[in-house]
Amino acid sequence: MNVEKSKIEFQRAQKSIPGGVNSPVRAFKSVNCDPLVIEKAKGSTIEDIDGNQYTDFVSSWGPLIIGHAHPDILAAIYEAASKGTSFGAPTHYETLMAEKIISMVPSIEKVRMVNSGTEATMSAIRLARGYTNRELIVKFAGNYHGHGDSFLIKAGSGAITLGLPDSPGVTKGVAVDTLIADYNNLESVEKLFAERKNQISAIIVEPVAGNMGVVLPKEGFLQGLRDICTREGALLIFDEVITGFRLAPGGAQEFHGVYPDITTLGKIIGGGLPVGAYGGSKEIMDQLAPIGPVYQAGTLSGNHLAMAAGLAMLDNLTKTEGLYAELERKSAFVENGIKNNLKKTGVSAVLNRVGSMMTLFFTENKKVTSFNEAMTSDSNRYAKYFKLSLESGIYLAPSQYECLFISYAHTDEDLQKLINANLNALKQL
Ligand SMILES: *Cc1c(COP(=O)(O)O)cnc(C)c1O
């Protein structure tokens, strides 16, 4: 595998961009090698600037659930772009997008568009604080909610692998308003509510954790959070930036049958363009300016290029017959293949999967249900596994604490190639 051009480009980028990347996890630091510089992608295949092709299981970190450069999405973008790129004024696309989201996500009656998942979560907690007139929030160790100050405390993958659990620049004043609980541990949440009676505005949670690797909510955990919030007058925020439109058309809330007060969305909702959104009941959402007192704005929010791409994505997800069943079939096939390989080779590892997201944890533990259990994984072993996979033409996330995403564009041959590469790599660990 010749990656000479990637190396040269990355050296050049490092002179003008901090670390050579515009988002830290892309730098491949935790797998101890230089990143590939990408030229183009189509369907399930991604190609670097040296012309090497890989079967892609990163999917731009989640958004590309129907594969790269999908013709429906490209056509929608071309059509929208022919009319201009942004107007800073209302457009028909925005109304269509809002109506579409409301029709898909059970707990959303009104929705506001933003430009990233980070913006969605930052805005959601401001809204929760404004609505409840309380200041504290509860988040879970190992859950990631974007890089907003309030969330950069025990924040999952990017921060774990860079060893920056608490980033400099986040003030103590902000940090003390964020309380940390343990994922899948309702007692740790009850304790915080008992200590801070009537002070907690919201619990924010990844309903299926994807940023400490995939960690499933235990039976009763999400319902338990729902009950605590209802009892204590706090809002429940589901951060569905990954799970939204991935686990079901209505996200993890539909999948698990537990409904939050506010939902944050991102990734898939933009069809590969930078988009986020947050929504909830009319009563809560009408607290936002211009009709309510909670301020939130955005020059490019809801711009019609992004709306066109997102709408094409969501339309595709709703009109493709059996899409989620097919994703489940493909993903179960991969899970079985990898689990067989683990048995054959005797390598100790845990595969966590829900729907089309999964993580292979290289740990001696028998299960991974919490941040602490995830942290027992051997990142060096993952780094070796990652490089061996890459040499077999498989592009995985460059960190132990991320997801492998199956897309509708992955063919059965792609998936068999993944399973074969997995066996080959496990044998050499
Ligand atoms: C990716 C992610 C975010 C942040 O979204 P950006 O678009 O990267 O700002 C927030 N929450 C979760 C659960 C995510 O996975």
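When two helices pack together, their arrangement is given by the angle between the helix axes and by the axis-to-axis distance. Between helix H7 (residues 186-195) and helix H8 (residues 221-232), whose axes approach to 10 Å, the crossing angle comes to 15°. By the angle between their axes, H7 is roughly parallel relative to H8. Seen along the crossing, H7 lies across H8 with a hand that is right-handed. In this structure, H7 uses Leu186, Val189, Glu190 and Phe193 to contact H8, whose residues at the interface are Phe221, Gly224, Leu225, Ile228, Arg231 and Glu232.

The next subject is unusual backbone geometry. Of note, the bond from alanine 289 into proline 290 is cis; its omega dihedral lies within 30 degrees of zero at 15°. In this structure, proline 290 sits in the loop between helix H10 (282-285) and helix H11 (304-319). Backbone geometry places serine 60, a non-glycine residue, at a positive phi of 55°. Here serine 60 is to be found in the loop between strand S3 (53-56) and helix H2 (71-81). Residue classification places serine 60 among the partly exposed residues on the basis of a relative accessible area of 42%.

Turning our eyes to something else, we now look at H8. Helix length check: H8 (12 residues) gives 16 Å between terminal C-alpha atoms against 16 Å at 1.5 Å per residue, within 8%. Among the residues of H8, Phe221, Leu222, Gly224, Leu225, Arg226, Ile228, Cys229 and Glu232 are the ones counted as buried. Of the surrounding secondary structure, the elements contacted by the buried residues of H8 are strand S5 (136-140), H7, strand S7 (200-205), strand S8 (235-239) and helix H9 (251-256). Just downstream of H8 lies glycine 233, where phi reads positive at about 70°.

Attention now moves to the sheet that holds strand S12 (residues 357-361). The 3 strands lie next to each other as S11-S12-S14, forming an open sheet whose pairing is antiparallel. Each edge of the open sheet carries a strand with a single partner, namely strand S11 (350-354) and strand S14 (404-405). Pairing geometry for S12 and S14, over 2 bridges, is antiparallel. Considered in S14, the bridge of methionine 357 is made with phenylalanine 405.

Further remarks concern the site of the ligand. Surveying the vicinity of the ligand reveals the residues Ser116, Gly117, Thr118, Tyr144, His145, Gly146, Glu206, Asn211, Asp239, Val241, Ile242 and Lys267. At 3.1 Å, a side-chain N or O of asparagine 211 approaches an oxygen atom of the ligand. One nitrogen or oxygen atom from the side chain of lysine 267 is found 2.6 Å from an oxygen atom belonging to the ligand. Considered on its own, the ligand offers 380 Å² of accessible surface; in the complex 83% of this is hidden by protein. When its residues are assigned to classes, the shell around the ligand shows 3 nonpolar, 6 polar and 3 charged.

It is worth spelling out the packing of aromatic side chains at this point. On inspection of all chains with the given rule, the structure shows 9 aromatic pairs. Pairing phenylalanine 28 with tyrosine 395 gives two aromatic rings, centres 6.4 Å apart and planes at 45°, and the pair type is tilted. Of this pair, phenylalanine 28 sits in the loop between helix H1 (4-16) and strand S1 (38-42) while tyrosine 395 is found in strand S13 (residues 394-395), placing the two residues 367 residues apart along the sequence. Here the aromatic residues Phe28, Tyr54, Phe386 and Tyr395 are joined through ring pairs into a cluster of three or more. Between the NZ or CZ atom of lysine 330 and the centre of the ring of tyrosine 408, over which it lies, the distance is 5.7 Å.

Interface size, as often reported, equals the accessible area lost upon joining of the parts. As assigned here, the protein chain comprises domain 1 (4-66 + 323-428) and domain 2 (71-319). Taken over C-alpha atoms, the centre of domain 1 sits 25 Å from the centre of domain 2. Across the interface of domain 1 and domain 2, roughly 2,800 Å² is buried in total on both sides, 72% from carbon and sulfur atoms. Inspection of the domain 1/domain 2 interface yields 0 salt bridges. Summed over the shared surface of domain 1 and domain 2, the number is 8 residue pairs in polar contact (both at pLDDT 80 or more). Every element with two or more residues in the side of domain 1 that touches domain 2 is listed here: helix H12 (323-345), S11, S12 and helix H13 (371-374). Take the side of domain 1 that touches domain 2: its biggest share by element is 4 residues, from S12. Across the side of domain 1 that touches domain 2, the residue classes tally to 21 nonpolar, 9 polar and 4 charged.

Below, the discussion takes up the sheet that holds strand S2 (residues 45-48). Read from one edge to the other, the open sheet built from 4 strands follows the order S1-S2-S3-S13, with strand pairing classed as mixed. The strands lining the two open edges of the sheet, one partner per strand, are S1 and S13. Here S3 runs beside S13; their pairing, made up of 2 bridges, is parallel. Note that in S13 the partner of aspartate 56 across the bridge is tyrosine 395.

In this section: the state of the cysteines. One pass over the full model with this rule turns up 0 disulfides. Sulfur of cysteine 33: no disulfide; nearest cysteine sulfur belongs to cysteine 403 and is 20 Å away. By relative accessible area, cysteine 33 is classed as partly exposed at 25%.

Cut-offs used in this document
Residues numbered from 1 in each chain as written. Predicted model: local features only at pLDDT ≥ 70, side-chain atom pairs only at ≥ 80, totals over all residues. Heavy atoms only, no water. Axes fitted to C-alpha atoms, helices over the stretch in contact; angles between N-to-C directions. Helix = DSSP H or I, 4+ residues; strand = E, 2+ residues; numbered from the N terminus. Parallel < 35°, antiparallel > 145°, perpendicular 65-115°, else oblique. Left-handed = near helix turned anticlockwise from the far one by under 90°. Contact = heavy atoms within 4.5 Å. Buried < 20%, exposed > 50% of the residue type's maximum accessible area, 1.4 Å probe, protein only. Expected span 1.5 Å × (residues − 1). Pairing = 2+ DSSP bridges. Near = heavy atom within 4 Å. Polar contact = N/O pair within 3.5 Å; in protein donor to acceptor, adjacent residues only side chain to side chain. Areas by Shrake-Rupley, 256 points an atom, 1.4 Å probe, with all protein chains shown as cover. Nonpolar A, V, L, I, M, F, W, Y, C, P; charged D, E, K, R; others polar. Phe/Tyr/Trp six-rings, centres within 6.5 Å; stacked < 30°, edge-to-face > 60°. Lys NZ or Arg CZ within 6 Å of the ring centre and 35° of its normal. Domains from an automatic or database assignment. Buried area = accessible area lost by both parts, 1.4 Å probe. Salt bridge = Lys/Arg side-chain N within 4 Å of Asp/Glu carboxyl O. Disulfide = S-S within 2.5 Å.

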